[in-house]
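So you can see what is in the structure, the chains are spelled out below.
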Amino acid sequence: MFNSSNYRFYIRDARMFFPKRKSKNGLLIESQAFQDSVSGVMLAGVWYNDKRPYKFVKKKIIKGNEADRYIAVDVASLLLVNYKKQRQIDKCETIEELICEASKSEKNIVVLRKIASSMQEVRDSEIVLDAAMELTSYDDEHVRRYATGSFGAMLNEDNASDKRLKRLIELTADSNSKVRFEAIQAVANLITGWSNFSSINRPDVKKALLAHVTDTEKDTRGDAFFALALLGDKKGLNALKKHLEVSKSITIGEIRAADEYGNTILYKALLALKNWWKPTDYDGADNPLDMAIRSCSPNTMDRFVTDKTPQEVADSLDFSGKKTNLHNWHYSFYPSSNWGNRDWQVREKYLNQFFELYKVLGKKLESYTGPFQLWVMINEFDCVFDTVGIKTPNPNNQSDSFPFIVQETVKPKYENVKLQKFIEKQGLEVLMVTEDGDNGYYLYNPKIGQPIV
């Protein structure tokens, strides 16, 4: 358990191991022993919710000696996590203000680096976000690097003002390669979490990313390609094709970018990589190269709406019931890149394809002699689950649930207003279901086939 002797021991231990020697450039050097002892202070003080760490931070983070200031920064970042969980707002605000004050007054480079790297734990503080942005202009490249990492980690769709986004873009051109990597990675992460892509799919963002598709730092290059793929940038696509064809240094970021683009022009280059490229960092569930090849294959029906028209999809089926089994047949017009979730104009294009296919299938099924059902299912925010479905009795006479019945429906209550207007224009019956927080809408014409309710 925590006791005062433990606390004193960790503080004393941390101070003792704080290096007294200086390097050639006059900067104090951190040691692993000091890092370990700081972790001990966190363990003893924060995990047991003692008041002394909070008092120590208030007293030492600005006016303590070098070792105490270093320790205080580390403990402050962890205290914030603890206090936010407990909703101790006053203490959070006090510590955030102290961190910002320390970032402006600190002269020791080692402590300042610690401040810069610890800021990302603060996350939702506007004043710390601005303080981190200020440190991204510091002369010391390590301070800039850590500050850029923290600044980028704190940015999100809600707080990324034009001024902050422009600063992040400036950092992608920093003279230090590690600063550039942190900035490019932050841009990619920011795009990933951005719900309205049209507001971040801007020329200055794409220009900054395109400047790094030939970066000598492979991870920076990979993240730049991936971010461009998220934006669907055509110049990035052409650059990726060339890179995949000639480079012998391919990162998983570039493979993910190919998967995200899902374009057939990358298919041959990806196939050629099968001869030598091996993934070095993935969870083992699916080989990322195999996934990219599937996404870019010209033979994959569910890849892009432009690959097969609704008429071509319908013509590929045999409605005589002799060759094609229509039992539980589903078709998805979604791109592997999932672009339908990012931009309403893009998703509307896919939805138009869905309902065009629905109409074509309805015409085709007029001559079908057996019982059937036909519907469209739209997920409110995730186009991956959008499908056009046909169901017929199981031809193998196995136990089956024909007809399909939509269970536990509720009155449609849309969250996506644009989707609501689109669905209402279709003139179809609408059934809403909710599951695990997702809203799904089944649309059908009761005059075509058997009803689904």
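Structure: above.
To start, this report covers the structure provided alongside it. The structure presented is a predicted model; accordingly, all values stated were derived computationally and were not measured.

1. Brief notes about the overall build of the chain
No. 1: Secondary structure summary: the chain contains 19 helices and five strands in total.
No. 2: Residue pairs at least 24 apart in sequence account for 63% of intrachain contacts in the chain once pairs closer than 6 positions are excluded.
No. 3: For the chain, the computed accessible surface area is about 23,200 Å², with 47% contributed by carbon and sulfur atoms.

2. A closer look at the sheet that holds strand S2 (residues 373-379)
Strand pairing within a sheet occurs via backbone hydrogen bonds; the two strands may be parallel or antiparallel.
No. 1: Across the sheet, five strands lie side by side as S1-S3-S2-S5-S4; this open sheet has antiparallel pairing. Across the chains shown, the open sheet's two edge strands, defined by having one partner strand only, are strand S1 (329-331) and strand S4 (429-435). Across the sheet, the mean angle separating the axes of adjacent strands is 25 degrees when strand polarity is ignored.
No. 2: With seven bridges connecting them, S4 and strand S5 (residues 438-444) associate as antiparallel partners. Residue pairing in the sheet places methionine 432 in a bridge with tyrosine 441 of S5.
No. 3: Packing against the sheet, helix H19 (residues 417-424) makes contact with S2, S4 and S5, and its axis sits at approximately 10 degrees to S5.

3. Things to note about the packing of aromatic side chains
No. 1: Per the counting criterion, the structure on display carries five aromatic pairs.
No. 2: A ring pair is formed by tryptophan 375 and phenylalanine 404, whose centres lie 4.8 Å apart and whose planes are at 35 degrees; its orientation type is tilted. Of the two residues, tryptophan 375 sits in strand S2 while phenylalanine 404 sits in the loop between strand S3 (387-391) and H19, which places them 29 residues apart along the sequence.
No. 3: Taken together, a centroid distance of 4.6 Å and an interplanar angle of 20 degrees make the contact between tyrosine 414 and tyrosine 441 stacked. You can see tyrosine 414 sitting in the loop between S3 and H19 and its partner tyrosine 441 sitting in strand S5, a full 27 residues away along the chain. As far as the burial class goes, tyrosine 414 and tyrosine 441 line up, both buried.
No. 4: Grouping aromatic residues by their ring pairs yields a cluster made of Trp375, Phe404 and Tyr442.
No. 5: Positioned over the ring face of tyrosine 54 is lysine 91, at 4.9 Å from the centre of the ring.
No. 6: When the ring centre of phenylalanine 226 is taken as reference, the NZ or CZ atom of arginine 256 above it lies at 3.8 Å.

4. Side note on the packing of helix H11 (residues 203-210) against helix H12 (residues 218-231)
No. 1: Look at H11 against H12: their axes get within 9 Å of each other, and the N-to-C directions meet at 150 degrees. The handedness of the crossing between H11 and H12 comes out as left-handed. Taken together, the residues of H12 that come into contact with H11 (itself represented by Val205, Lys206, Leu209 and Leu210) are Ala224, Ala227, Leu228 and Leu231.
No. 2: Of the residues in the contact of H11 with H12, the class split is seven nonpolar, no polar and one charged.

5. Brief notes about the pairing of S5
No. 1: Burial runs high along S5: six of the seven residues are buried.
No. 2: In this sheet, S5 lies alongside S2 in antiparallel orientation, the contact comprising four bridges. Looking at S5, one finds that methionine 377 is bridged to tyrosine 442.

6. Some details on the environment of alanine 76
No. 1: Here alanine 76 is to be found in helix H4 (residues 66-85).
No. 2: We classify alanine 76 as buried; its relative accessible area is 0%.
No. 3: What alanine 76 contacts, discounting residues up to four positions off in sequence, is Val57, Ile61, Ile95 and Ile99.

7. Brief notes about the environment of leucine 155
No. 1: With respect to the element layout, leucine 155 can be found in the loop between helix H8 (141-154) and helix H9 (162-171).
No. 2: Through-space distance from the C-alpha of leucine 155 to that of arginine 123 is 8.0 Å; in sequence the pair is 32 residues apart.
No. 3: Not counting chain neighbours up to four residues away, the residues in contact with leucine 155 comprise Leu129, Ala160, Arg164, Leu168 and Leu190.

8. Some words on H8
No. 1: With 14 residues, H8 extends 20 Å between its outermost C-alpha atoms, agreeing within 8% with the 20 Å of an ideal straight helix rising 1.5 Å per residue.
No. 2: What H8 keeps buried is the set Val143, Arg144, Ala147, Thr148, Gly149, Ser150, Phe151, Gly152 and Met154.
No. 3: Contacts made by the buried residues of H8 are with helix H6 (109-118), helix H7 (126-135), H9 and helix H10 (177-192).
No. 4: A distance of 3.2 Å separates the backbone nitrogen of histidine 142 from a side-chain oxygen at the start of H8, and that oxygen is part of aspartate 140.

9. Description of the pattern of salt bridges
No. 1: A complete count under the given rule lists 17 salt bridges for this structure.
No. 2: Within this structure, Asp162, Lys166, Arg202 and Asp204 form a network of salt bridges that share partners.

10. Let's talk about the nonpolar core
No. 1: Ranked by internal contacts, the top residues of the largest apolar core, which has 83 residues, are Ile191 and Leu270.
No. 2: The element contributing the most residues to this core is H4, with nine residues.
No. 3: Leave out the neighbours within four places in its chain, and isoleucine 191 touches Phe197, Ile200, Val205, Leu209, Ala227, Leu230 and Leu231.
No. 4: Counting 39 residues, the second largest nonpolar core, distinct from the first, contains Leu357, Phe372, Val406 and Tyr444.

11. A word on the packing of helix H3 (residues 52-60) against H4
No. 1: Packing of H3 against H4 brings their axes to within 9 Å, and their N-to-C directions diverge by 130 degrees. Considered as vectors, H3 and H4 are oriented oblique to each other. Note that H3 runs across H4; the crossing there is left-handed. Along the contact surface, H3 presents Pro53, Tyr54, Phe56, Val57 and Lys60, while H4 presents Asp68, Arg69, Ile71, Ala72, Val75, Ala76, Leu79 and Tyr83.

Cut-offs applied
Residues numbered from 1 in each chain as written. Predicted model: local features only at pLDDT ≥ 70, side-chain atom pairs only at ≥ 80, totals over all residues. Heavy atoms only, no water. Helix = DSSP H or I, 4+ residues; strand = E, 2+ residues; numbered from the N terminus. Contact = heavy atoms within 4.5 Å. Areas by Shrake-Rupley, 256 points an atom, 1.4 Å probe, with all protein chains shown as cover. Pairing = 2+ DSSP bridges. Axes fitted to C-alpha atoms, helices over the stretch in contact; angles between N-to-C directions. Phe/Tyr/Trp six-rings, centres within 6.5 Å; stacked < 30°, edge-to-face > 60°. Buried < 20%, exposed > 50% of the residue type's maximum accessible area, 1.4 Å probe, protein only. Lys NZ or Arg CZ within 6 Å of the ring centre and 35° of its normal. Left-handed = near helix turned anticlockwise from the far one by under 90°. Nonpolar A, V, L, I, M, F, W, Y, C, P; charged D, E, K, R; others polar. Expected span 1.5 Å × (residues − 1). Polar contact = N/O pair within 3.5 Å; in protein donor to acceptor, adjacent residues only side chain to side chain. Salt bridge = Lys/Arg side-chain N within 4 Å of Asp/Glu carboxyl O. Core = buried A, V, L, I, M, F, W, Y, C linked by side-chain atoms within 4.5 Å. Parallel < 35°, antiparallel > 145°, perpendicular 65-115°, else oblique.

By themselves, these figures tell us nothing about what the structure is for.
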